[in-house]
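Take a look at the letters that make up each chain.
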Amino acid sequence: MKHDTEYVVKPKQKWTIKLRANVSGTDLYAAGGINGKEFSSKMRTELKTTFGASVNYCGLSLGFALNPAKLTGRNKDYEFNLNSYGNRMGADLIITSSKTFRGKAESGGNEFDISPGQVSMSMIQGNVYYAFNHRRFSFPAAFSQSQVQKRSCGSWLLGLSAFGGQIDAGIDGIGEGTSVNLKTLCIGLGAGYGHNFAIRKNWLLHLSTIPQIVVYAKSRMTVGGKRQQAPFKFPSIYSVGRFAVVRRFGNKFIGLSAVVNLWRQGDDDRLLLESVKWRGRLFYGFKF
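Residues numbered from 1 in each chain as written. Predicted model: local features only at pLDDT ≥ 70, side-chain atom pairs only at ≥ 80, totals over all residues. Heavy atoms only, no water.

A. Seen up close, the pattern of salt bridges. All told, the structure shown has six salt bridges when counted by the stated rule. A salt bridge links arginine 242 to aspartate 92; its shortest N-O distance comes to 2.6 Å. Note that arginine 242 is positioned in strand 16 (residues 237-249) and aspartate 92 in strand 7 (residues 89-98), a separation of 150 residues in sequence. Here arginine 242 matches aspartate 92 in class, with each residue buried. Salt-bridge contacts for aspartate 113 lead to lysine 104; the nearest nitrogen and oxygen are separated by 2.4 Å. Owing to a relative accessible area of 48%, aspartate 113 belongs among the partly exposed residues under this scheme. We classify lysine 104 as partly exposed; its relative accessible area is 43%. (Salt bridge = Lys/Arg side-chain N within 4 Å of Asp/Glu carboxyl O. Helix = DSSP H or I, 4+ residues; strand = E, 2+ residues; numbered from the N terminus. Buried < 20%, exposed > 50% of the residue type's maximum accessible area, 1.4 Å probe, protein only.)

Here you go:
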């Protein structure tokens, strides 16, 4: 694929070494009624911090990351991320298992704490994008630094996402401690826009969002061991937002990036679930 070299070029150096620090987490909001009792809850996992490095040759990357809290046994959550950013197409894959949710819940006018272990969520999320203006607009310039965006440019984006997961909750105070299990599978389709702002003195700012409508959803809910119909209704939404800022100086660069995945299904009259999965990354690298 040929680039418009007035907008996008490849660095002369073929090798890139990058050091990075990642911080990630998941927020979960739920509201509705169980066994005739209204409830609402707000929870979030413990922050997950990792440190790592990667080596890149002509866009092909190999890296590793270490989680100090995981090594000492203080954090039981698991997360796996795989990213591939190209000019025309790209994809994210996220696999998580979260057991450190904590927060507050309210039911029947009473408020109580949610402690780690009472709510757990396992999920797999996949996002794919297609950039229409791929000759002039570069995702790799913002996220892998394998290209350079010389001039500001944007592109309309087409997005396809899939979300599958399971939530288990056993919270005293909601339905007399009734356990709840929810399994769901959603597929979303939508369109959005992204823009790279090439700022003076080798600064690059990237902003993009792809809101989507869930075109297929299948859910199964079990309350107290009894299967019930999941009270979700159309439409549900899914959205992917990305942000990056990069500063180049010579053969070196430093930057910050973030990816946010929002899933919202149902309504708070019956049952509403909202999950926000996010990850931020601080990185420094050099090319040779």
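Moving on from the coordinates now.
B. Fine view of the packing of aromatic side chains. One pass over the structure, following the stated rule, counts 13 aromatic pairs. Every member of this aromatic cluster is reached through a ring pair, and the members are Tyr85, Tyr129, Phe137, Phe139 and Phe143. Taking the ring centre of tyrosine 7 as reference, the NZ or CZ of arginine 151 above it sits at 4.8 Å. (Phe/Tyr/Trp six-rings, centres within 6.5 Å; stacked < 30°, edge-to-face > 60°. Lys NZ or Arg CZ within 6 Å of the ring centre and 35° of its normal.)

C. Local environment of the nonpolar core. With 43 residues, the main nonpolar core has Leu28, Val119 and Phe139 as its most contacted residues. The residues touching phenylalanine 139, leaving out its near neighbours within four places in the chain, are Tyr85, Gly86, Tyr129, Leu157, His206, Ser208 and Arg242. (Core = buried A, V, L, I, M, F, W, Y, C linked by side-chain atoms within 4.5 Å. Contact = heavy atoms within 4.5 Å.)

D. Representation of a positive patch on the surface in the model. The grouping of Lys183, Lys218, Arg220 and Arg227 at the surface amounts to a positive patch. Positionally, lysine 183 belongs in strand 13 (residues 179-199). Residue class for lysine 183 comes out partly exposed when judged on its relative accessible area of 32%. (Patch = residues over 30% accessible without salt bridge, like charges linked within 9 Å, V, L, I, M, F, W, Y side chains within 5 Å. Areas by Shrake-Rupley, 256 points an atom, 1.4 Å probe, with all protein chains shown as cover. Lys, Arg positive; Asp, Glu negative; His and termini not counted. Charge placed at Lys NZ, Arg CZ, Asp CG, Glu CD.)

E. Quick peek at the environment of phenylalanine 249. Following the sequence through the fold, phenylalanine 249 ends up in strand 16. A residue is classified by how much of its surface remains accessible, and phenylalanine 249, at 36% relative accessible area, is partly exposed. Each C-alpha atom, one on phenylalanine 249 and one on phenylalanine 286, is 9.5 Å from the other, the two residues being 37 residues apart in sequence. Discounting residues that sit within four places of it in the chain, phenylalanine 249 has contacts with Ile254 and Tyr284.

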